[in-house]
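Observations on the three-dimensional arrangement
Listed here are the chains, written in short residue letters.
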Amino acid sequence: MKNSIKNLSFEELQDWAVMKGLKPFTGRQIFEWIFSGSVFETAEMKNIAKTTRSLIDEAGPLALLRPDKHEVSDDDSSEKFLFTCLDGQSVESVLLISGSRYTACVSSEVGCAMGCTFCRTGEMGLIRKLSSGEIVEQVQRIRQISGKRVTNVVFMGMGEPFSNYDEVIKAAVILNHEKGLCIGARRITISTSGIVPRMLDFARLPYQFKLAVSLNAATNVKRDALMPVNRSYPLEARFCYTTPPR
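Residues numbered from 1 in each chain as written. Predicted model: local features only at pLDDT ≥ 70, side-chain atom pairs only at ≥ 80, totals over all residues. Heavy atoms only, no water.

Throughout the structure, instances matching the rule amount to 12 salt bridges. The salt bridge involving Lys 6 is made with Glu 137; its shortest N-O contact spans 2.8 Å. Of this pair, Lys 6 sits in the segment before helix 1 (10-19) while Glu 137 sits in helix 4 (residues 132-146), placing them 131 residues apart in sequence. Here Lys 6 falls in the buried class, since its relative accessible area comes to 0%. A residue is classified by how much of its surface remains accessible, and Glu 137, at 0% relative accessible area, is buried. (Salt bridge = Lys/Arg side-chain N within 4 Å of Asp/Glu carboxyl O. Helix = DSSP H or I, 4+ residues; strand = E, 2+ residues; numbered from the N terminus. Buried < 20%, exposed > 50% of the residue type's maximum accessible area, 1.4 Å probe, protein only.)

Once that is clear, we can look at the sheet that holds strand 2 (residues 78-85). Note: strands within a sheet are paired through backbone hydrogen bonds, in either parallel or antiparallel orientation. Reading across from one edge, 1-2-3-4-7-8-9 is the order of the 7 strands in this open sheet, with mixed pairing throughout. Because the sheet does not close on itself, it has two edges, and the strands there are strand 1 (65-72) and strand 9 (210-213). Neighbouring strand axes in the sheet, compared pairwise and without regard to direction, differ in orientation by 20° on average. Sitting on the sheet, helix 4 is in contact with strand 1, strand 2, strand 3 (90-98), strand 4 (101-106) and strand 7 (152-155), with an inclination near 130° to strand 2. (Pairing = 2+ DSSP bridges. Axes fitted to C-alpha atoms, helices over the stretch in contact; angles between N-to-C directions. Contact = heavy atoms within 4.5 Å.)

Judged by side-chain charge, Glu 41, Glu 44, Asp 57 and Glu 58 come together as a negatively charged surface patch. Structurally, Glu 44 can be placed in the loop between helix 2 (24-36) and helix 3 (50-58). (Patch = residues over 30% accessible without salt bridge, like charges linked within 9 Å, V, L, I, M, F, W, Y side chains within 5 Å. Areas by Shrake-Rupley, 256 points an atom, 1.4 Å probe, with all protein chains shown as cover. Lys, Arg positive; Asp, Glu negative; His and termini not counted. Charge placed at Lys NZ, Arg CZ, Asp CG, Glu CD.)

Time to look at the packing of aromatic side chains. For the coordinates displayed, the defined rule picks out 6 aromatic pairs. Each ring, one from Phe 81 and one from Phe 83, has its centre 6.1 Å from the other, and the planes form 5°; the classification is stacked. Each member of the pair, Phe 81 as well as Phe 83, is classed as buried. With a centroid separation of 5.7 Å and an interplanar angle of 45°, the aromatic rings of Phe 162 and Phe 202 are classed as tilted. Linking Phe 162 in the loop between strand 7 and helix 5 (165-176) with Phe 202 in helix 6 (residues 196-203), this pair joins segments that are 40 residues apart in sequence. For Phe 162, a relative accessible area of 3% corresponds to the buried category. Clustering of aromatic rings is evident, with ring pairs tying together Phe 10, Phe 31 and Phe 35. Here the guanidinium or amino end of Arg 198 rests over the ring plane of Tyr 165, the centre of that ring lying 5.9 Å away. (Phe/Tyr/Trp six-rings, centres within 6.5 Å; stacked < 30°, edge-to-face > 60°. Lys NZ or Arg CZ within 6 Å of the ring centre and 35° of its normal.)

Mapped onto the elements of the fold, Asn 220 is located in helix 7 (residues 220-226). Accessibility expressed as a relative area gives 24% for Asn 220, which makes it partly exposed. Each C-alpha atom, one on Asn 220 and one on Asn 230, is 7.1 Å from the other, the two residues being 10 residues apart in sequence. Dropping the residues within four chain positions of it, Asn 220 is found in contact with Asn 230, Pro 234, Leu 235 and Glu 236. A polar contact of 2.9 Å, which involves the side chain of Asn 220, links it to the backbone nitrogen of Leu 235. (Polar contact = N/O pair within 3.5 Å; in protein donor to acceptor, adjacent residues only side chain to side chain.)

Laid out in structure tokens, this is it:
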């Protein structure tokens, strides 16, 4: 993964602009072009000065994923995407279609360390975590390739989102931001195998993102066999607080 200002939040991009001798407003404009405008080349930033575009190019590429494969199901209810990252690693994403709902299922890691016995990604082990820019770009590329708007996003692709907590939350905030992709917070769901400390951190966030917990079994004995994470955070650990502790 190469450096890129696409991995910066709204506030961080304004700080970057100031550091480069620019006005904070310019950072806000760049953020809007990158995410709301979904541009992958600085030449498309029509109201950004050429000298500023050069600074952006020097900071790294805006296109972090190369689309490699796109498949549509026979009944048109889903579309699968394979993307190659700049370091040659690959990630998968899926678009699920149900009526007027278009849900992008995005990856948060290359591979996964959780070792769930039913998951092929778990057989890979963890190769690396994705940056926020790589996560958001999956949604942008899905929109670009499919020609369909994305109404919902689920962090339920390759990887355990809460093992990449900071980048996942940053990506979710950008997806929700009014100058980002402007997807409603209640339409963004983060799925976890059950990493309880991060679940509690998530509950304290000032956002209305949704949480999904993958159980796959109703007893600890069965879940231990399917999902090694249960040995650290058994079923009862998920229900030990009615509200997050202060």
